[in-house]
Amino acid sequence: MSMTLSQQLITIAMVVLGTVLTRFLPFWLFPADKPAPAYIRYLGKVLPAAVFGLLVIYCLKHVSIHTGSRGIPEFVSISLVIGLHLWKRQMLLSIAGGTVSYMLLVQFVF
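A brief structural summary. (Residues numbered from 1 in each chain as written. Predicted model: local features only at pLDDT ≥ 70, side-chain atom pairs only at ≥ 80, totals over all residues. Heavy atoms only, no water.)

### A short note on the environment of Tyr58
Link 1 in the chain: Mapped onto the fold, Tyr58 is located in helix α2 (residues 38–60).
Link 2 in the chain: Judged by relative accessible area, Tyr58 falls into the exposed class, the value being 55%. (Helix = DSSP H or I, 4+ residues; strand = E, 2+ residues; numbered from the N terminus. Buried < 20%, exposed > 50% of the residue type's maximum accessible area, 1.4 Å probe, protein only.)

What follows is the structure in structure tokens.
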């Protein structure tokens, strides 16, 4: 089933509208010349750590210590990410190092 031209144009317009709104809405709600509300400042402090915690849980939710490689590649790579971050404090280096480490371990070792 294919979309008609008008359906395609409406879909494109909705995607553009959604993108523009999500990009500009924070700047409209919280202009630079006014201080942000206390609740928004609080969220800015706690959400980054919460997001990283959720990502770690999501990445490790199917790791089983009773089968296969027993989670060794995952935990080696996590240790490398932590070590690189504590050493260099470079987020991209930490992420890239952990990703490359995991891929090499999974492809060539386990």
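### Re helix α1 (residues 5–29)
Count 3.6 residues to each turn of an α-helix, and residues three or four apart come out pointing the same way.
Link 1 in the chain: Over its 25 residues, α1 extends 35 Å from the first C-alpha to the last, a length consistent with the 36 Å expected when each residue adds 1.5 Å.
Link 2 in the chain: The sharpest bend along α1 measures roughly 35 degrees and falls at Arg23, with the proline Pro26 sitting one to four residues further on. (Expected span 1.5 Å × (residues − 1). Bend = angle between axes of the 7 residues up to and from the residue.)

### Topic: the packing of helix α3 (residues 72–88) against helix α4 (residues 91–109)
Link 1 in the chain: The N-to-C vectors of α3 and α4 enclose an angle of 155 degrees; their axes lie 8 Å apart at closest approach. The angle between α3 and α4 places the two elements in the roughly antiparallel class. Two packed elements cross with a definite hand, and for α3 against α4 that hand is right-handed. In this structure, α3 uses Pro73, Glu74, Val76, Ser77, Leu80, Val81, Leu84, His85 and Lys88 to contact α4, whose residues at the interface are Met91, Leu93, Ser94, Gly97, Gly98, Ser101, Tyr102, Leu105 and Val106.
Link 2 in the chain: Residue composition of the contact of α3 with α4, by class: 10 nonpolar, 6 polar and 2 charged. (Axes fitted to C-alpha atoms, helices over the stretch in contact; angles between N-to-C directions. Parallel < 35°, antiparallel > 145°, perpendicular 65-115°, else oblique. Left-handed = near helix turned anticlockwise from the far one by under 90°. Contact = heavy atoms within 4.5 Å. Nonpolar A, V, L, I, M, F, W, Y, C, P; charged D, E, K, R; others polar.)

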